[in-house]
Amino acid sequence: MEENRQQNIGILIGSLNGNVMSQHINPTTQNGNEEAETAASPIHLSKNVGVKLDFIRVMYAWYECGKITDANGGKLSKKDYFEALSKAFNIDLSNYNNLLSTSMGKSSNYGKQTEIFDMMKKKIEDIFNSK
């Protein structure tokens, strides 16, 4: 795992408006200090209620579908993945696992857990059908 953390991690993140940014993180520099090799990201999540949890759901599913690798094509840890997303979207996601677990443990039903995916599917269908 330590070897994996020392590799440069590259993640491409596409925003909904089609802009793409590349963020490369080198968790350990030559002197052993942790440091990000990137400027502040211009991307921010909406402050609307529920957006952060929906973002975690979507990005967690993306990860679990095997769509994310490190810069060398290897397996990226969830911790490193969510750290990179935190930097890219200027939001604290250090508690992503607790938020996800808590939301699934509540009395909310399956429909509430998947609502964001239904919204995304509907939006892409609308976009596709408008052309």
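These notes cover the structure that comes with them. Predicted, not measured: the structure shown is a model, and the values here were computed from it. (Residues numbered from 1 in each chain as written. Predicted model: local features only at pLDDT ≥ 70, side-chain atom pairs only at ≥ 80, totals over all residues. Heavy atoms only, no water.)

### Considerations on the packing of helix α2 (residues 51-64) against helix α5 (residues 110-129)
Piece 1. The geometry of α2 relative to α5 is characterised by a closest axis approach of 10 Å and an angle of 75° between their N-to-C directions. What the angle tells us is that α2 and α5 run roughly perpendicular. Taking contact as the criterion, the partners of D54, R57, V58 and A61 in α2 are, on α5, K112, Q113, I116, F117 and M120.
Piece 2. Of the residues in the contact of α2 with α5, the class split is five nonpolar, one polar and three charged. (Axes fitted to C-alpha atoms, helices over the stretch in contact; angles between N-to-C directions. Helix = DSSP H or I, 4+ residues; strand = E, 2+ residues; numbered from the N terminus. Parallel < 35°, antiparallel > 145°, perpendicular 65-115°, else oblique. Contact = heavy atoms within 4.5 Å. Nonpolar A, V, L, I, M, F, W, Y, C, P; charged D, E, K, R; others polar.)

### Observations regarding α5
Piece 1. In this model α5 runs 28 Å from its N-terminal to its C-terminal C-alpha over 20 residues, within 8% of the 28 Å that 1.5 Å per residue would give.
Piece 2. Maximum bend of α5: about 40°, positioned at I116.
Piece 3. Every buried residue belonging to α5 is among Q113, T114 and I116, and all of these are buried. (Expected span 1.5 Å × (residues − 1). Bend = angle between axes of the 7 residues up to and from the residue. Buried < 20%, exposed > 50% of the residue type's maximum accessible area, 1.4 Å probe, protein only.)

### Here's the deal with the nonpolar core
Piece 1. One finds F55, M59, Y81, F82, L85, F89 and L93 to be the most contacted residues of the largest nonpolar core, which totals 19 residues.
Piece 2. Looking at this core, the elements that each hand over two or more residues are α2, α3 (78-89) and α4 (96-105).
Piece 3. Apart from the residues within four sequence positions on either side, L93 is in contact with K52, F55, I56, F82, L85 and S86. (Core = buried A, V, L, I, M, F, W, Y, C linked by side-chain atoms within 4.5 Å.)

### Let's talk about unusual backbone geometry
Piece 1. Positive phi, close to 50°, is recorded for N90, a residue that is not glycine.
Piece 2. Its location among the elements puts N90 in the loop between α3 and α4.
Piece 3. With relative accessibility at 34%, the residue N90 sits in the partly exposed group.

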